[in-house]
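# A structural walkthrough
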Amino acid sequence: MELIDHLMLGFSTALSLQNVTYAFVGCLLGTLIGVLPGLGPSATIAMLLPATYALPPVAALIMLAGIYYGAQYGGSTTAILVNLPGESSSVVTAIDGYQMARKGRAGVALATAGISSFGAGCVATLVLAAFATPMSELAFKFGPAEYFSLMVLGLIGAVVLASGSLMKAVGMIILGLIFGMVGTDVNSGAARFSFDIPELTDGLNFVALAMGLFGFAEIIINLEQREKRETFTNRITTLFPTAADFRRMLPAATRGTIIGTLLGILPGGGATLSSFASYTMEKKLSKYPEEFGKGAIEGVAGPEAANNAGSQTSFIPLLTLGIPSNVVMALMVGAMTIHNIQPGPQVMTSDPALFWGLIASMWIGNLMLIVLNLPMIGLWVKLLKVPYRYLYPAILVFCSIGVYSVNNNTFDVFQAAAFGLIGYVFVKLALEPAPLLLGFVLGPMMEENFRRAMLLSRGDFSVFVTRPISVSLLIGAALLVAIVALPAVRQTREVAFQEE
Amino acid sequence: MRRSLEIRSQKGFAAGLLYMVIGASVSYVSTSYTMGTAARMGPGYFPFWLGVILAAIGGIVLLQSLRISAERDAIPHLDMRTTIWVLGSVVLFGLLLRPLGLALSLVLMVILASMASHEFGWKGAVLNALLLLSISLGAFIYGLNLQLPVWPSFLE
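Residues numbered from 1 in each chain as written. Chains lettered and ligands numbered in written order. Predicted model: local features only at pLDDT ≥ 70, side-chain atom pairs only at ≥ 80, totals over all residues.

### Looking at the overall build of chain B
The following threshold applies: For helices the rule is a DSSP run of H or I covering at least 4 residues; for strands it is a run of E covering at least 2, with both sets numbered from the N terminus onward. It is over C-alpha atoms that the radius of gyration is taken, and the globule rule equals 2.2 Å times the number of residues to the power 0.38. For every residue, the other C-beta atoms within 10 Å of its own C-beta are counted; 20 or more classify it as buried, 12 or fewer as exposed, and values in between as partly exposed. C-beta atoms are placed from the backbone. The contact rule is simple: place each C-beta atom from the backbone, and if two of them lie within 7 Å, those residues are in contact.
From N to C terminus, chain B includes four helices and zero strands. In sequence order, chain B lays out its α and β elements as α-α-α-α. Computed over C-alpha atoms, the radius of gyration of chain B comes to 25 Å, more than 25% over the 15 Å expected from 2.2 N^0.38 for 156 residues, which places it beyond the range of a compact globule. Based on the C-alpha atoms only, the size of chain B along its principal axes is roughly 70 × 50 × 25 Å. Residues counted as buried form 37% of the 156 residues belonging to chain B. Intrachain contacts of chain B at a sequence separation of at least 6 include 63% that bridge at least 24 residues.

Listed below in structure tokens is the structure:
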């Protein structure tokens, strides 16, 4: 079996002492930062990106994947204990998880989240491994026109999930694409939008952009809100769910895994959509619908399984097509580019050890998280007790040193501060930064493919609608917009996002 | 039926206006680059149209904010005090890192940034600064071997 050979290769790469160590360090750091209130996976990864620069590419990606899972796990911990979801993907967990914690079942809620995530992670890793080869074969059939249309679909898909106004989110994408234009044009060598600042000819700094928009802006918002939150940290006694808990948890986690695996593959899908969909479904199917919102274990198991499965399978479009479907994947593209890896179907053939090693390390990372974190919950809880006034200066310090060390340039520190201000204004205007970051990452790729497609068609715009794959992708994008614009769907979408 | 022209969503109005201004400026700047033709695009072509699209979207967002069905909201006030302490401390760190070195600029950044909190206390801030300095020295300078000046340049 080819799949088994691939996985063997992957595990032999991922299980080297060096890579296991980095996976471990990644999981640990990710959880450590992710558990801090108000810091979601995106901010955590942006903050820890510079820590991986000095590593060899395989180790760096393995560590980043570890950081991602760790951050997500840490985020669920904070959601359950403090009712402060770091990112939209753990918003749903906070609903019933926090209620369980209030009833003195915080330990069970945390264990449920951990076990469900692990089970889902195992399944999703297998799906990822099985899908990778056929998907990348499909990708080799793609010309520039198909790639352009695929990116349109991916970006539209990401926007459909944004909780606010559709038009505002599309605007953020375009703004991101424009930000991506800053710097030297690869085709002509002309410097664009650099305004004679030499540092800008290399483009805007990706790390500074992500840190500013997600890290700094977040800090200002948190400082502004002075409300006190109650932390349930003293009552963690029983960790292990009872047999009755397991009976209610397993079907929910299984359904969550299926939903998450499917939705994660979709462009724009991933953790957030998966967890919302799973919660809605569990609530509909449950024999105890009245318990939802009051500490139903299914409300933790389902969404946690779904968001972990979704975050895993959202690696599929990234690794096989080179298209990031959400912010975290966009950050992975940034990391890969820094290590001179162009994400796309060629990675699997040109560097199979890296490709399969990364996939295998995902499973190892998931295992580590459950082995590590359940016994270490006490430590994370202590961390939650550190007052915010000591935490945010630490975040600022690590971000500033990190962003400086990317190019050893203080200009990047100023960029991060500027994006912090921009990000803060965005929040005030109810504009979401996530689509901007996606646009920023895809901007140069999109322009490149657009220009190449138009060159091949000798300036004929119809090339995007006469090639069958390209036109189906565009129709898909149009359908997504049409569906969201339908009044009925719009209402349920608003209800779904308000169920926080 | 009376149609009142009233800005119902101030956030939407401001966002729309922002998009329009940025879009128009981007298109304007793009015209100074070579445009080229559809088959052989110059560096100005793609950004020019992105600017046009952004401005158009801005127009739609702006009109939506005037609709009767638009949800009412007001632009919340910007907490400039917090923003200046937090981001100002980062900018100052950038300015001082080269001449003064990591040790002094880091301590200064932590203390200034701490002032953004309404729970600020000198003792806590100074202790936190010293703790973070020792962690940074240990992790970044000795651990990861980052090339950062640690002490003021005039002392070396």
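From this point on, the discussion continues.
### Notes on the overall build of chain A
Counting secondary structure elements, chain A contains 22 helices and two strands. The globule rule puts the C-alpha radius of gyration for 500 residues at 23 Å, and the 22 Å found for chain A is close to it. Dimensions of chain A, computed from the C-alpha atoms along their principal axes, are close to 70 × 55 × 50 Å. For chain A, the proportion of its 500 residues judged to be buried stands at 61%. Contacts in chain A between residues at least 24 apart in sequence constitute 80% of all its contacts with a sequence separation of at least 6.

### What to know about the packing of helix α17 (residues 388-407) of chain A against helix α4 (residues 122-143) of chain B
Quick reminder of the rule: Orientation is described by axes fitted as lines to C-alpha atoms, over the contacting stretch for helices, and by angles from 0 to 180 degrees between their N-to-C directions. By definition, turning the near helix anticlockwise from the far helix through less than a right angle yields a left-handed crossing, and turning it clockwise yields a right-handed one. Charged means Asp, Glu, Lys or Arg here, nonpolar means Ala, Val, Leu, Ile, Met, Phe, Trp, Tyr, Cys or Pro, and polar covers whatever is left, Gly included.
As a packed pair, α17 of chain A and α4 of chain B sit with axes 10 Å apart at the nearest point and diverge in direction by 35°. The way α17 of chain A lies across α4 of chain B gives a crossing that is right-handed. Contacts from Arg389, Tyr390, Pro393, Ala394, Val397 and Ile401 of chain A in α17 of chain A reach Gly124, Asn128, Leu132, Ser136 and Phe140 of chain B in α4 of chain B. The class makeup of the residues in the contact of α17 of chain A with α4 of chain B is seven nonpolar, three polar and one charged.

### A short note on helix α18 (residues 410-428) of chain A
Going by this rule: Multiplying one less than the number of residues by 1.5 Å gives the expected span of a helix.
The first and last C-alpha atoms of α18 of chain A sit 28 Å apart over 19 residues, in line with the 27 Å expected at 1.5 Å per residue. Taken as a whole, α18 of chain A has its buried residues at Asp412, Val413, Gln415, Ala416, Ala417, Phe419, Gly420, Gly423, Tyr424 and Phe426 of chain A. Buried residues belonging to α18 of chain A abut α9 (206-224), α17 and α19 (433-456) of chain A together with α3 (80-114) of chain B. Alanine 430 of chain A sits one or two positions beyond α18 of chain A and adopts a positive phi of about 60°.

### Details of the domain arrangement of chain B
When the parts of a complex come together, some accessible area is lost, and that lost area is often used as the size of the interface. Threshold: By convention here, the domain bounds are inherited from an automatic or database domain assignment.
Under the domain assignment used here, chain B contains domain 1 (10-64) and domain 2 (80-155). Its C-alpha centre places domain 1 of chain B at a distance of 39 Å from the equivalent point of domain 2 of chain B.

### Some details on the environment of glycine 154 of chain A
Of note, glycine 154 of chain A is situated in helix α7 (residues 144-160). On the basis of neighbour counts, which here come to 25 C-beta atoms within 10 Å, the residue glycine 154 of chain A falls in the buried class.

### A look at the interface of chain B and chain A
Residue-level contacts link 59 residues of chain B with 52 residues of chain A. Those elements that place two or more of their residues in the side of chain B that touches chain A are α1 (10-30), α2 (45-64), α3 and α4 of chain B. It is α3 of chain B that provides the largest number of residues to the side of chain B that touches chain A, a total of 16 residues. Of the residues belonging to the side of chain B that touches chain A, the class tally is 38 nonpolar, 16 polar and five charged.

### Some points on the confidence of the model for chain A
What counts here: The pLDDT value expresses, per residue, how confident the predictor is, ranging between 0 and 100.
Summary statistics for chain A give a mean pLDDT of 83 and a share of 92% for residues scoring 70 or more. Within chain A, α18 of chain A carries the highest mean pLDDT (94), whereas helix α22 (residues 487-498) of chain A carries the lowest (56).

### Comments concerning the nonpolar core
Residues and elements named next belong to chain A. Definition in use: Each nonpolar core consists of buried Ala, Val, Leu, Ile, Met, Phe, Trp, Tyr and Cys residues. Their C-beta atoms, within 7 Å, join them into a set.
Within the largest apolar cluster, 212 residues are counted, with the highest numbers of intra-cluster contacts made by Met211 and Leu437. Take this core: its biggest share by element is 17 residues, from helix α4 (residues 57-82). Leucine 437 has contacts with Gly176, Leu209, Ala210, Leu213, Val327 and Ala330, leaving out every residue within four places of it along the chain.

### Some remarks on unusual backbone geometry
Negative phi is the rule for most residues except glycine; trans is the rule for most peptide bonds. Residue and element names in this part refer to chain A. Although it is not a glycine, phenylalanine 195 adopts a positive phi angle of roughly 50°. With respect to the helices, strands and loops of the structure, phenylalanine 195 is situated in the loop between β2 (191-192) and α9. One non-glycine residue with positive phi stands out, namely asparagine 340, at about 60°. Note on placement: asparagine 340 falls in the loop between α14 (327-338) and α15 (346-350).

### Description of the confidence of the model for chain B
Where the model shows low pLDDT, its predicted coordinates should not be examined in detail. For chain B, the average pLDDT comes to 88, and 96% of its residues sit at 70 or higher. Interface confidence for the predicted complex, expressed as ipTM, amounts to 0.92; the pTM equals 0.84.

### Topic: the environment of alanine 124 of chain A
Residues and elements named next belong to chain A. With respect to the helices and strands, the residue alanine 124 is situated in helix α6 (residues 106-140). On the neighbour-count criterion, alanine 124 (28 C-beta atoms within 10 Å) is buried. Along the backbone, alanine 124 and tryptophan 363 are 239 residues apart, and their C-alpha atoms lie at a distance of 9.1 Å. Those residues within four positions of alanine 124 in sequence are excluded, and the remaining contacts are Thr261, Ala309, Gln312 and Thr313.

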